[in-house]
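# Descriptive structure summary
Spelled out, the chains give:
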Amino acid sequence: MSDYRIKTLVFVGLSLSFLGYTAWIYFHKEREDHPANAAAQHGKMIWQEKNCGSCHQLYGLGGHLGPDLTNVYASKPEAYIRAILSAGTPVMPNFHLSENEKADLIEFFKYTNSTGTSSPKSFTLHADGTISK
Ligand code: HEC
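To start, this report covers the structure provided alongside it.

Reading guide: rules and limits
Residues numbered from 1 in each chain as written. Predicted model: local features only at pLDDT ≥ 70, side-chain atom pairs only at ≥ 80, totals over all residues. Heavy atoms only, no water. Helix = DSSP H or I, 4+ residues; strand = E, 2+ residues; numbered from the N terminus. Rg over C-alpha atoms; globule rule 2.2 N^0.38 Å. Areas by Shrake-Rupley, 256 points an atom, 1.4 Å probe, with all protein chains shown as cover. Lys, Arg positive; Asp, Glu negative; His and termini not counted. Charge placed at Lys NZ, Arg CZ, Asp CG, Glu CD. Donors = N, O, S within 2.8 Å, 3.2 Å for Na, K, Ca; no water. Tetrahedral: all angles 85-135°; square planar, octahedral: opposite > 155°, others 65-115°. 1 Å grid on protein atoms, 1.4 Å probe; cavity = no way out; pocket = protein on both sides within 12 Å on 5 of 7 lines; lining within 4 Å. Points joined across faces, edges and corners; volume = space filled by probe spheres on them. Nonpolar A, V, L, I, M, F, W, Y, C, P; charged D, E, K, R; others polar.

Right, let's talk about the overall build of the protein for a bit. Tallying secondary structure elements over the protein gives five helices and four strands in all. Along the protein, from the amino end to the carboxyl end, the secondary structure elements read α-α-β-β-α-α-α-β-β. Relative to its length of 133 residues, the protein is extended, with a C-alpha radius of gyration of 23 Å against a globular reference of 14 Å. With respect to the three principal axes, the spread of C-alpha positions in the protein is 80 × 35 × 25 Å. Approximately 9,700 Å² of the protein is accessible, and the part contributed by carbon and sulfur atoms is 63%. Within the protein, one finds 12 positive and 12 negative side-chain charges whose respective centroids are separated by 3 Å.

What follows is about the coordination of the iron atom of the ligand. Taken together, H56 (NE2) and M92 (SD) make up the protein donors of the iron atom of the ligand, found 1.9 to 2.1 Å from the metal. Coordination geometry of the iron atom of the ligand: the six donor atoms subtend angles of 86 to 178 degrees at the metal centre, consistent with an arrangement described as octahedral. Taken together, the residues H56 in the loop between α2 (38-49) and β1 (57-58) and M92 in the loop between α4 (78-87) and α5 (99-115) connect sequence positions 36 residues apart.

Next up on the list: the layout of surface pockets. Volume-wise, the largest pocket comes out at about 530 Å³. Lining of the largest pocket is provided by 28 residues; of these, H56, P67, L69, I84 and M92 occupy positions nearest its centre. Looking at the lining of the largest pocket, the elements with two or more residues in it are α2, α3 (72-75), α4 and α5. The element contributing the most residues to the lining of the largest pocket is α4, with four residues. For the lining of the largest pocket, a count of residues per class yields 19 nonpolar, six polar and three charged.

Function cannot be read off these values alone, since they describe shape.
Spelled out as structure tokens, the structure:
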């Protein structure tokens, strides 16, 4: 085979691989193990609108004035979370949330708790440097 033919074949092969992979990425539907319900999605919107992430982390990312809230649903009673959301604290402002908004934020915390963990200590470190939950 001539040099030109090999180069053309490599070029066409790589181009087809690129197009195929691009199409797969574009049309591939990400399967979520724990899809967020409507209330949790609304809670996430409130989280973003009120910018809770400026002081709190989720999955270890965010501000550091307040604690990481990824697993707050598991570590604190719901009534306690509701009380903090209702009154704020000397450091955290009272956002004057409606009962519905508080319920949706708690639903969102339930979702984050079921999908991740904030403490890196609870990950298993593998020999190849990757981690798993
Ligand atoms: C100005 C920073 C700030 C913002 C903004 C903020 N928080 Fe907080 N939050 C704190 C601090 C600090 C604490 C810890 C209690 C304290 O020291 O006052 C806290 C505590 C909490 C707790 C209790 C956590 C625990 O483990 O005790 C929850 C739940 C919470 N915040 C939710 C929220 C939500 C939801 C929002 C957005 C609507 C929000 N916070 C916005 C600073 C903030």
